[in-house]
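# Survey of secondary and tertiary structure
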Amino acid sequence: MKLASVPITLTQCAKTFRGTRVLEPLDLHIDAGETLVLLGPSGCGKTTTLRMIAGLETPDAGGRIAFGEDDVTALPIEKRQVGMVFQSYALFPNLTVRGNIGYGLKIKRVPAETARQRVDELLGMMRLTAHADKPIDQLSGGQRQRVALARALAVQPRVLLLDEPLTALDARLRDALRSEMNTLLRELGITTVYVTHDQAEAMELGDRIVVMSAGRIEQIGSPREIYYRPANRTVAQFVGTINRLAGERRDGMLTTTGGAVPLPAGSTHANSAHEIFFRPEDAYLADPAHAQLRGHIESTAFLGERTRLTVGGAAPDALLIDVAGRVELARGTPVGISIAQDALIALS
Ligand SMILES: Nc1ncnc2c1ncn2[C@@H]1O[C@H](COP(=O)(O)OP(=O)(O)OP(=O)(O)O)[C@@H](O)[C@H]1O
Ligand SMILES: [Mg+2]
């Protein structure tokens, strides 16, 4: 199934509920066919943004939403040609799988034969053919999720809007469906806005990620940009795990509790903070005599494919260091740590 997709532009879209501003004026452009993920902690305004795009909320005066050349700001949801999946799925419990998927087509008075063909196609695509005539309450969580997605796609929307579609599932199923979702979204090529507070989901699914906090956009970028070049501390701390090295700047080095590391290029200007950051996987154990930093093992956690070491004494904060495979080091063991030079991150 190939769908026609449109770009979406939000211009100065703010939202106030009963005198409280929950979204600051927001500008956002989503390319046709792109999957844009809205990522952020609870209450930051993700659902509100999605509902404005859907036509379930209107932006405060002055805000404008366009689908391609069409100004849709004043259009209600049923005229916007959007497919939406809610966190709760909101399936009709009294209808079968087929009835749920075909519901929107019936409302739109699509001819029965066309509707049947489209529903059959979606049943096949979502691997639900064998369950077509079952009532919803006989389906597993993953199957319900696929019914909700099929129902959203049945009306051939120009835009697909997904609000935490995997959150209701257990961790194992969520991982499996995440990669299915990835394949499906690429295959469909439909403009998609995907809301989540799960950073792994955002990284896997997003062509670009919008990191939000407290009603504003903190950063927009590809998953790699967000992860390796976070715009600020809020982003760095929300996406992945990050270590902080605090100390004194001297001669191009940052001197901290357990040694010194060369400052990253670009952090030499006068007002740069006396702290730098790095990811746990970007440091490695080295001979303490030659390592940049010296500390001792506080604890180790075996995580299967890697071991996460907590190292004390190397910096004011304990550092988390990921090493491949099995490493068994007793608490108190002295260790040396060096950090890949290009992995140091300076943040304002
Ligand atoms: N209809 C409403 N009336 C009043 N306040 C609202 C309404 N809808 C949302 N809010 C408030 O707006 C803020 C943003 O809510 P929103 O649902 O967009 O957050 P979210 O990022 O989707 O959070 P979550 O991850 O918990 O779903 C919250 O503080 C919420 O309480
Ligand atoms: Mg929400």
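Since the structure is predicted, the reported quantities are computational estimates derived from the model, not experimental observations.

Here is what the cut-offs are and how they apply
- Residues numbered from 1 in each chain as written.
- Chains lettered and ligands numbered in written order.
- Predicted model: local features only at pLDDT ≥ 70, side-chain atom pairs only at ≥ 80, totals over all residues.
- Heavy atoms only, no water.
- 1 Å grid on protein atoms, 1.4 Å probe; cavity = no way out; pocket = protein on both sides within 12 Å on 5 of 7 lines; lining within 4 Å.
- Points joined across faces, edges and corners; volume = space filled by probe spheres on them.
- Helix = DSSP H or I, 4+ residues; strand = E, 2+ residues; numbered from the N terminus.
- Nonpolar A, V, L, I, M, F, W, Y, C, P; charged D, E, K, R; others polar.
- Phe/Tyr/Trp six-rings, centres within 6.5 Å; stacked < 30°, edge-to-face > 60°.
- Lys NZ or Arg CZ within 6 Å of the ring centre and 35° of its normal.
- Pairing = 2+ DSSP bridges.
- Contact = heavy atoms within 4.5 Å.
- Axes fitted to C-alpha atoms, helices over the stretch in contact; angles between N-to-C directions.
- Expected span 1.5 Å × (residues − 1).
- Buried < 20%, exposed > 50% of the residue type's maximum accessible area, 1.4 Å probe, protein only.
- Near = heavy atom within 4 Å.
- Polar contact = N/O pair within 3.5 Å; in protein donor to acceptor, adjacent residues only side chain to side chain.
- Areas by Shrake-Rupley, 256 points an atom, 1.4 Å probe, with all protein chains shown as cover.
- Lys, Arg positive; Asp, Glu negative; His and termini not counted.
- Salt bridge = Lys/Arg side-chain N within 4 Å of Asp/Glu carboxyl O.
- Domains from an automatic or database assignment.
- Buried area = accessible area lost by both parts, 1.4 Å probe.

### Notes on the layout of surface pockets
- In this structure, the largest pocket occupies an estimated 570 Å³ of space.
- Around the largest pocket, the lining comprises 18 residues; the ones closest to its centre are I77, V82, M84, G104 and V155.
- When residues of the lining of the largest pocket are traced back to their parent elements, those giving at least two are β6 (82–85), α2 (97–107) and α4 (141–154).
- Residues of the lining of the largest pocket, tallied by class, amount to twelve nonpolar, three polar and three charged.

### A word on the packing of aromatic side chains
- With the rule as written, the count across this model stands at two aromatic pairs.
- Directly above the aromatic system of F92 lies the positively charged group of R151, at a separation of 4.9 Å from the ring centroid.
- A cation sits over an aromatic face here: R279 above Y227, 4.0 Å from the ring centre.

### Let's talk about the sheet that holds strand β2 (residues 20–30)
- Spatial ordering of the open sheet is given by β2-β1-β4-β5, a layout of four strands whose pairing is antiparallel. The open sheet has two edge strands, β2 and β5 (70–71), and neither has a second partner.
- Relative to β2, strand β1 (residues 8–17) is paired through seven bridges, and the arrangement is antiparallel. When the bridges of β2 are listed, F17 appears paired with T20.
- Across the face of the sheet, helix α1 (residues 46–54) comes into contact with β1, β2 and β4 (64–67) while running at roughly 120° to β1.

### Section: the sheet that holds strand β10 (residues 216–221)
- Strand order in this open sheet of six strands is β6-β7-β8-β3-β9-β10, and the pairing throughout is mixed. Each end of this open sheet is capped by a strand with a single partner; those strands are β6 and β10. Neighbour-to-neighbour, the strand axes of the sheet open up by a mean angle of 15°, direction not taken into account.
- On the sheet, α1 packs against β3 (35–39), β6, β7 (159–163), β8 (191–196) and β9 (208–213) and is oriented at approximately 155° with respect to β7.

### Quick look at α4
- Here α4 is 14 residues long and its end C-alpha atoms lie 20 Å apart, about the 20 Å a rise of 1.5 Å per residue gives.
- With twelve of 14 residues buried, α4 lies mostly within the body of the structure.
- Among the residues making up α4, those that are buried are G142, Q143, Q145, R146, V147, A148, L149, A150, R151, A152, L153 and A154.
- Looking at the buried positions of α4, the neighbouring elements they touch are β6, α2, α3 (112–125), β7 and α5 (171–188).
- Positive backbone phi, approximately 50°, marks Q156, located one or two places after α4.

### As for the site of ligand 1
- In the vicinity of ligand 1, the residues found are F17, R18, V22, P41, S42, G43, C44, G45, K46, T47, T48 and E164.
- Contacts to ligand 1 include G43, whose backbone N or O atom sits 2.7 Å from an oxygen atom.
- Within the contact set of ligand 1, an oxygen atom lies 2.6 Å away from a side-chain nitrogen or oxygen of T48.
- In isolation ligand 1 exposes 630 Å². Once the protein is present, 62% of that is buried.
- With three residues, α1 is the single largest residue contributor to the shell around ligand 1.
- Taken together, the residues of the shell around ligand 1 break down into four nonpolar, five polar and three charged.

### Structural notes on the side chain of E164
- Along the chain, E164 turns up in the loop between β7 and α5.
- In this structure, E164 is buried with no salt-bridge partner, the nearest side chain bearing the opposite charge being K46 at 4.4 Å.
- Those residues in contact with E164 that sit more than four places away from it in its chain are K46, Q87, V195, T196 and H197.

### Here's the deal with the domain arrangement of the protein chain
- Domain boundaries in the protein chain define domain 1 (8–238) and domain 2 (243–343).
- Distance between the C-alpha centres of domain 1 and domain 2: 39 Å.
- Across the contact, six residues belong to domain 1 and five residues belong to domain 2.
- Roughly 460 Å² is buried in total at the junction of domain 1 and domain 2, and carbon and sulfur atoms are behind 33% of that figure.
- E275 serves as the salt-bridge partner of R233, at 1.8 Å between the closest nitrogen and oxygen.

### Focus: the environment of K79
- Along the polypeptide, K79 turns up in the loop between β5 and β6.
- Note on K79: relative accessible area 55%, which makes it exposed.
- Considered as a pair, K79 and E204 are 125 residues apart in the sequence and their alpha carbons are 31 Å apart.

### Considering the pattern of salt bridges
- Taken as a whole and assessed by the stated rule, the structure comprises 23 salt bridges.
- A salt bridge links R178 to E204; the nearest nitrogen and oxygen atoms lie 2.9 Å apart. Here R178 is found in helix α5, whereas its partner E204 is found in helix α6 (residues 199–205), with 26 residues between them in sequence.
- With relative accessibility at 27%, the residue E204 sits in the partly exposed group.
- One salt-bridge network, in which partners are shared between bridges, spans R98, E113, R116, D120 and D133.

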